[in-house]
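Observations on chain architecture
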Amino acid sequence: QVQLVESGGGLVQTGGSLRLSCAYSGRTFSSYAMGWFRQAPGKEREFVAAVSLGGATTYYADSVKGRFTISRDNTKNTVYLQMNSLKPEDTAVYYCAARRGLRVAIREGEYDYWGQGTQVTVSS
């Protein structure tokens, strides 16, 4: 059974930075592409970023491109989301997700496992 546990959320001022981590346990981490999604109050969950099995391929939502960086460490079974130049509109619960397979994916339905989420709040 795959389990995902996010950490690193919190309260930060506009322009600040946070690094989210997602610890993976279960079957071989390197067999899963990973993604980050977020859900703001009153809104649907949306794609943020994704990374391929080995970390060579990444993909970002336009709203975070140039500010966020997704990476993974397959020796630590962990995926990261470095968030810089944060804006109030980045406020949301951030979820980590795992997808068995080679390629990155941007749709929720393509992911097999989800974490419980971590709150990120950006104050203006």
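Residues numbered from 1 in each chain as written. Predicted model: local features only at pLDDT ≥ 70, side-chain atom pairs only at ≥ 80, totals over all residues. Heavy atoms only, no water.

Further remarks concern the state of the cysteines. For the structure shown, the criterion picks out one disulfide. A disulfide bridge connects cysteine 22 with cysteine 96, and the sulfur atoms are separated by 2.1 Å. What sets the handedness of the cysteine 22 and cysteine 96 disulfide is the S-S torsion sign, and at about -80 degrees it is left-handed. With a gap of 74 residues between them, cysteine 22 in strand 3 (residues 18–25) and cysteine 96 in strand 9 (residues 92–100) connect regions that are remote in the sequence. Residue cysteine 22 is classed as buried on the basis of its relative accessible area of 0%. When its relative accessible area of 0% is taken as the criterion, cysteine 96 is described as buried. (Disulfide = S-S within 2.5 Å. Helix = DSSP H or I, 4+ residues; strand = E, 2+ residues; numbered from the N terminus. Buried < 20%, exposed > 50% of the residue type's maximum accessible area, 1.4 Å probe, protein only.)

Before going further, it helps to spend a moment on the side chain of arginine 38. Within the secondary structure, arginine 38 sits in strand 4 (residues 32–39). In terms of polar contacts, arginine 38 uses its side chain to reach the side chain of glutamate 46, at 2.6 Å. When near neighbours in sequence (up to four residues on either side) are disregarded, arginine 38 contacts Glu44, Arg45, Glu46, Val48, Ser63, Val64, Phe68, Glu89, Asp90, Ala92, Val93 and Tyr94. (Polar contact = N/O pair within 3.5 Å; in protein donor to acceptor, adjacent residues only side chain to side chain. Contact = heavy atoms within 4.5 Å.)

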